[in-house]
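Residue-level structure breakdown
Chain by chain, the residues run as shown.
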Amino acid sequence: MMLKTRIIPCLDVDKGRVVKGVNFVDLVDAGDPVEQAKIYDAAGADELCFLDITASHEDRDTIFEVVAQTAEQCFMPVTVGGGVRSVDDIRKLLLAGADKVAINTAAIHNPEFVREAALKFGSQCIVVAMDAKRNGDRFEIFTHGGRKETGIEAIGWAKQMAEYGAGEILLTSMDKDGTKSGFDIELTRAIADAVSIPVIASGGVGTLDHMVEGVRDGHASAVLAASIFHFGTYSIQETKAHMQAAGVPVRMD
Amino acid sequence: MSPKNKTVIIDYGSGNLRSAAKAFERASEEFGASEVVVTNDPATLKNADHIVLPGVGAFADCKAGLAAVPGMIDALTEQVIANKKPFLGICVGMQLMATLGREHGDTDGFGWIDGEVVEIKPSDAALKIPHMGWNALSFEPGAHPVLSGFDVGAHAYFVHSYHFAAANAGNVLAEVEYGGAVTAMIGRDNMIGTQFHPEKSQQFGLAFIANFLRWPGV
């Protein structure tokens, strides 16, 4: 009788179509996001995440339609990230049916944006997504799919974002993303232990033991994965059964 | 009950209501008896059979948003208190049923159910706030018609940092464990409120909504 660890499949969406990259390049088109969302909903995913990677401004409205169609058919929490830059972007996503929005680069350019968004819409719907990478003996925040360094130290950044009103942190290891070698446990635990808000671990899942490690060793409240679900390597139910057997509390009903 | 039961979801600018409306439509499909209307017109409440007050964000903001719709609080009070229509408050919509909210300063609630909305303070400091995700409901079997058909331990989706501390334990219909008991559902007479989001709680949530739509309230 307790709060369960959330298993969150993530769909990367480009111009309204699902893709999944390896280290953020070599994208492979693989389907309709709404159909994928319905499959995950029926399988008992605890939340769903859309990451909009559409680059061109004129194609950006496609995500609103994807979110709206999903919200009409899936009665589960949906987070949308990618290109969230203004209060207006947030309002449009929430009105389309998103429950939470993930802010990444815009928070780095203007940390006050997070404070403003949390005040306006409530912390419960403001997720700060941070892409972190080892740089020397510390973790730093990177942007542009891990190519551009900011010089911002990751743990201090996470604390600052929590203080500014973020309700949750979506933490991606850019060293691990796409490698299938497991989460960066040291990074995950350092961030999860430093803030009082939930942390979602992301980047690097290749096996079900990796999911267990993210929670047991990384202290994450939720684990996010894309390709292992999207390419059918493991189902949501297999993942939950494995985690439960390893002693991680998950929702089986 | 009229052949076409009408459910009114109150729109006062609190987030997205379309997905909530869709959940109510989906839940009512199985017995095909409910028309779902999302409205900010207080007059619509007169013809409602069931009334739903959603709410996300902070207590004070939601109260202000509702008060900014001319005549809405009066219409709600008339239909729920005087006319005893079945009412469901969701999340902050449930919290507003309290005497007082303590989030962002003190704000009066409707005072329908005695109690205050206070910060969750888990006994275990490692527990994160907001309380976010799926938690298992504990309740007395038979506690309420809207809980009928569910097993103790059924999971519902929560996202909140404050909860309803009821003055009378008898008004608490369900709780969850999160470093202490956190109020999950309250009610008395023709009114209930859920801290969890039935519209985001997949199969459990749709069944819960269907139970509410079948409930005559008295």
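Residues numbered from 1 in each chain as written. Chains lettered and ligands numbered in written order. Predicted model: local features only at pLDDT ≥ 70, side-chain atom pairs only at ≥ 80, totals over all residues. Heavy atoms only, no water.

From N to C terminus, chain B includes five helices and 13 strands. For chain B, whose C-alpha radius of gyration is 16 Å, the value lies close to the compact-globule estimate of 17 Å for 218 residues. If one aligns the C-alpha atoms of chain B with their principal axes, the spans along those axes are about 50 × 35 × 30 Å. A total of 218 residues make up chain B; the buried ones form 60% of that total. Put simply, 72% of the contacts in chain B that link residues at least 6 apart link residues at least 24 apart. A total accessible area of about 8,000 Å² is found for chain B, and carbon and sulfur atoms account for 49% of it. Positive and negative side-chain charges of chain B, numbering 15 and 23 respectively, have mean locations separated by a distance of 6 Å. (Helix = DSSP H or I, 4+ residues; strand = E, 2+ residues; numbered from the N terminus. Rg over C-alpha atoms; globule rule 2.2 N^0.38 Å. Buried < 20%, exposed > 50% of the residue type's maximum accessible area, 1.4 Å probe, protein only. Contact = heavy atoms within 4.5 Å. Areas by Shrake-Rupley, 256 points an atom, 1.4 Å probe, with all protein chains shown as cover. Lys, Arg positive; Asp, Glu negative; His and termini not counted. Charge placed at Lys NZ, Arg CZ, Asp CG, Glu CD.)

A word on the packing of aromatic side chains. Residue and element names in this part refer to chain B. All chains considered together, the criterion is met by ten aromatic pairs over all chains. Judged by centre distance (4.7 Å) and plane angle (45°), the ring pair of Phe110 and Trp112 falls under tilted. For Phe110, a relative accessible area of 16% corresponds to the buried category. Considering the side-chain rings of Phe212 and Trp215, the 6.2 Å spacing of their centres and the 50° angle between planes classify their relative orientation as tilted. In this structure Phe212 comes out as buried when scored by relative accessible area, which is 0%. The class for Trp215 is buried, based on a relative accessible area of 6%. (Phe/Tyr/Trp six-rings, centres within 6.5 Å; stacked < 30°, edge-to-face > 60°.)

With that out of the way, let us pick up the state of the cysteines. Per the stated rule, a full pass over the model turns up zero disulfides over all chains. Here Cys125 of chain A is not disulfide-linked; the sulfur of Cys91 of chain B is the nearest cysteine sulfur, at 11 Å. No disulfide involves Cys62 of chain B; its sulfur sits 8.0 Å from that of Cys91 of chain B, the nearest cysteine. We classify Cys62 of chain B as buried; its relative accessible area is 3%. (Disulfide = S-S within 2.5 Å.)

Looking now at the sheet that holds strand β10 (residues 162–166) of chain B. All names here are of chain B. In space, the four strands of this open sheet follow the order β6-β5-β7-β10, with mixed pairing throughout. Both edges of this open sheet fall to β6 (107–108) and β10, since each of them pairs with a single strand only. As paired elements, strand β5 (residues 100–101) and β6 share two bridges and run antiparallel to each other. By the bridge assignment, Gly101 is partnered in β6 with Thr107. (Pairing = 2+ DSSP bridges.)

This part is about helix α1 (residues 33–42) of chain A. Residue and element names in this part refer to chain A. Within α1, burial applies to Pro33, Val34, Gln36, Ala37, Tyr40 and Asp41. Buried residues along α1 cover an arc of 155° about the axis, so they all sit on one side. More than 90 degrees from the buried face of α1, the exposed residues found are Ile39 and Ala42. By the N-cap criterion, in which a side-chain oxygen at the helix start approaches the backbone nitrogen of a residue two or three places on, α1 is capped by Asp32, the distance to Val34 being 2.9 Å. Looking one or two residues past α1, Gly44 carries a phi angle of roughly 90°, positive in sign. (Arc of directions from axis to C-beta. Polar contact = N/O pair within 3.5 Å; in protein donor to acceptor, adjacent residues only side chain to side chain.)

Moving on to the pattern of salt bridges. Oppositely charged side chains can form a pair if their charged atoms are brought close together. The tally for this structure, following the rule as stated, stands at 19 salt bridges over all chains. Close ionic contact of Glu168 of chain A with Lys100 of chain A constitutes a salt bridge, the shortest N to O distance being 2.9 Å. Pair noted here: Glu168 of chain A is in strand β10 (residues 168–173) and Lys100 of chain A is in strand β6 (residues 100–103), with a separation of 68 residues, a long-range link. We note that Glu168 of chain A, like Lys100 of chain A, is buried. Between Asp189 of chain B and Arg188 of chain B there is a salt bridge, with the nearest N and O atoms lying 2.7 Å from each other. Taking relative accessible area as the criterion, Arg188 of chain B reaches 29% and is therefore assigned partly exposed. Here the salt bridges share partners, and the residues they tie into one network are Arg6, Glu47, Lys100 and Glu168 of chain A. (Salt bridge = Lys/Arg side-chain N within 4 Å of Asp/Glu carboxyl O.)

Attention now goes to the environment of Phe121 of chain A. Its place among the elements puts Phe121 of chain A in helix α5 (residues 112–121). Take Phe121 of chain A: its relative accessible area is 14%, and that puts it in the buried class. Between the C-alpha atom of Phe121 of chain A and that of Val199 of chain A, which follows or precedes it by 78 residues, the distance is 20 Å. Apart from the residues within four sequence positions on either side, Phe121 of chain A is in contact with Val87, Ile90, Arg91 and Leu94 of chain A together with Gly57 of chain B.

Residue and element names in this part refer to chain B. At their nearest, the axes of helix α2 (residues 59–67) and helix α3 (residues 72–82) sit 7 Å apart, and the two run at 90° to each other. Here α2 lies roughly perpendicular to α3, going by the angle between them. Counting all contacts with α2, which are made through Lys63, Leu66 and Ala67, the residues of α3 involved are Met72, Ile73 and Leu76. Residues of the contact of α2 with α3, tallied by class, amount to five nonpolar, no polar and one charged. (Axes fitted to C-alpha atoms, helices over the stretch in contact; angles between N-to-C directions. Parallel < 35°, antiparallel > 145°, perpendicular 65-115°, else oblique. Nonpolar A, V, L, I, M, F, W, Y, C, P; charged D, E, K, R; others polar.)

Looking along a regular strand, one sees side chains alternate from face to face of the sheet. Residues and elements named next belong to chain B. In this sheet, strand β7 (residues 115–119) lies alongside β5 in parallel orientation, the contact comprising two bridges. Across the sheet, residue Gly101 finds its bridge partner in β7, namely Val117. In the sheet, β7 pairs with β10 via five bridges, with the strands oriented antiparallel. Its bridge partner lying in β10, Val117 is registered against Phe164.

Let's shift gears to the confidence of the model for chain A. Residue-level pLDDT values for chain A average 92, and 96% of them are 70 or greater. Note that residues 21–29 of chain A has pLDDT below 50 and, in this model, 20 contacts with residues that lie over four places away or in other chains. (pLDDT = per-residue confidence, 0-100.)

In this complex, chain B contributes 34 residues to the contact, which on the side of chain A involves 37 residues. In total, chain B and chain A occlude about 2,900 Å² of area from one another, counting both sides; carbon and sulfur atoms represent 56% of this. Considering only the surface of chain B that becomes buried against chain A, Lys128, Met132 and Gln202 of chain B emerge as the three largest contributors, covering 25% of it. Across the contact surface, chain B and chain A share one salt bridge. A salt bridge links Lys200 of chain B to Asp99 of chain A, with the nearest nitrogen and oxygen atoms 3.0 Å apart. Where chain B touches chain A, the interface holds 15 residue pairs in polar contact (both at pLDDT 80 or more). (Buried area = accessible area lost by both parts, 1.4 Å probe.)

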